[in-house]
Amino acid sequence: QAQLVESGGGLVQPGGSLRLSCVASGFILDIYAAGWVRQAPGKERETILCISSSDAVTYYSDSVKGRFTISRDNTKESVYLQMTSLKPEDTAVYYCAADVGADCSGQYDVWGQGTQVTVSL
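This report concerns the structure included in the present document. (Residues numbered from 1 in each chain as written. Predicted model: local features only at pLDDT ≥ 70, side-chain atom pairs only at ≥ 80, totals over all residues. Heavy atoms only, no water.)

**What to know about the pairing of strand β1 (residues 3–7)**
Now for step 1: Alternating positions in β1 separate cleanly, L4 and E6 being buried on one face and Q3, V5 and S7 remaining unburied on the opposite face.
Now for step 2: Across 5 bridges, β1 lies against strand β3 (residues 18–25) in antiparallel orientation. From the neighbouring strand, Q3 faces β3, where its bridge partner is S25. (Buried < 20%, exposed > 50% of the residue type's maximum accessible area, 1.4 Å probe, protein only. Helix = DSSP H or I, 4+ residues; strand = E, 2+ residues; numbered from the N terminus. Pairing = 2+ DSSP bridges.)

**Regarding the packing of aromatic side chains**
Now for step 1: Taken as a whole, this structure holds 4 aromatic pairs when the rule is applied.
Now for step 2: When the centroid spacing of 6.1 Å and the interplanar angle of 50° are considered together, the rings of F27 and Y32 count as tilted.
Now for step 3: Residue F27 is classed as buried on the basis of its relative accessible area of 19%.
Now for step 4: What makes Y32 partly exposed here is its relative accessible area of 27%. (Phe/Tyr/Trp six-rings, centres within 6.5 Å; stacked < 30°, edge-to-face > 60°.)

**So, the environment of E44**
Now for step 1: Note that E44 resides in the loop between β4 (34–39) and β5 (46–51).
Now for step 2: Excluding residues that lie within four positions of it along the chain, E44 makes contacts with R38 and Q39. (Contact = heavy atoms within 4.5 Å.)

**So, the state of the cysteines**
Now for step 1: This structure, assessed with the given rule, holds 2 disulfides.
Now for step 2: Between the sulfur of C22 and that of C96 lies a disulfide, 1.9 Å long from S to S. Because the sign of the S-S torsion sets the handedness, a value of about 65° for the bond joining C22 and C96 places this disulfide among the right-handed ones. Here the residue C22 occupies a position in strand β3, and C96 occupies one in strand β9 (residues 92–99), the gap between them amounting to 74 residues. (Disulfide = S-S within 2.5 Å.)

**A closer look at unusual backbone geometry**
Now for step 1: In this model, D55 sits at a positive phi of 75°, which is unusual for a non-glycine residue.
Now for step 2: Even without being glycine, E77 reaches a positive phi, approximately 50°.
Now for step 3: Mapped onto the secondary structure, E77 falls in the loop between β7 (68–73) and β8 (78–83).

**Here's the deal with the side chain of T91**
Now for step 1: With respect to the helices, strands and loops of the structure, T91 is situated in the loop between β8 and β9.
Now for step 2: Within the structure, T91 has its side chain in polar contact with the backbone oxygen of P88 (distance 2.9 Å). (Polar contact = N/O pair within 3.5 Å; in protein donor to acceptor, adjacent residues only side chain to side chain.)

**Comments concerning the nonpolar core**
Now for step 1: Core analysis: the largest hydrophobic core is formed by 28 residues, its most contacted members being L4, W36, F68, L81, M83 and Y94.
Now for step 2: Taken together, the elements giving at least two residues each to this core come down to β3, β4, β5, β7, β8, β9 and β11 (115–119).
Now for step 3: A33, V37, C50 and A97 belong to the second largest nonpolar core, which has 5 residues in total. (Core = buried A, V, L, I, M, F, W, Y, C linked by side-chain atoms within 4.5 Å.)

**Details of the side chain of T115**
Now for step 1: Mapped onto the fold, T115 is located in strand β11.
Now for step 2: Under the relative-accessibility criterion, T115 is labelled buried at 11%.
Now for step 3: A distance of 3.2 Å separates a polar side-chain atom of T115 from the backbone nitrogen of G9.

**Concerning the sheet that holds β1**
Now for step 1: Pairing in this open sheet of 4 strands is antiparallel, and the strands run β1-β3-β8-β7 from one edge to the other. Every other strand in the sheet has two partners, leaving β1 and β7 as the edge strands with one partner each. Here the average twist between neighbouring strands, direction ignored, is 15°.
Now for step 2: Pairing between β3 and β8: 6 bridges, direction antiparallel. Residue pairing across strands places R19 opposite Q82, the latter belonging to β8. (Axes fitted to C-alpha atoms, helices over the stretch in contact; angles between N-to-C directions.)

Shown next as structure tokens:
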């Protein structure tokens, strides 16, 4: 069955960097757009970035623009999130998700289990 698995989360100090990975199995991810979504404690789920099947990038959050970069490697059926200049408010569970189509629509039908990112001293 279709699955996405995130990895790379952890504890990092403010100003640090992390690279999250998302690997697909059970379906061909490269024909779908893929996004990164996060949910901080007590807050709503927030879509932050999406990359289309043709590598067009959509930013949904101004708070991460200039700090976070999304990319994909279709040969590995993987999507990545490079995070730099991390702030405590970036603390959240980060999910990758496959869009319902080739372009970023904000509608996702396959979700990963999430990986925890904690930014703290």
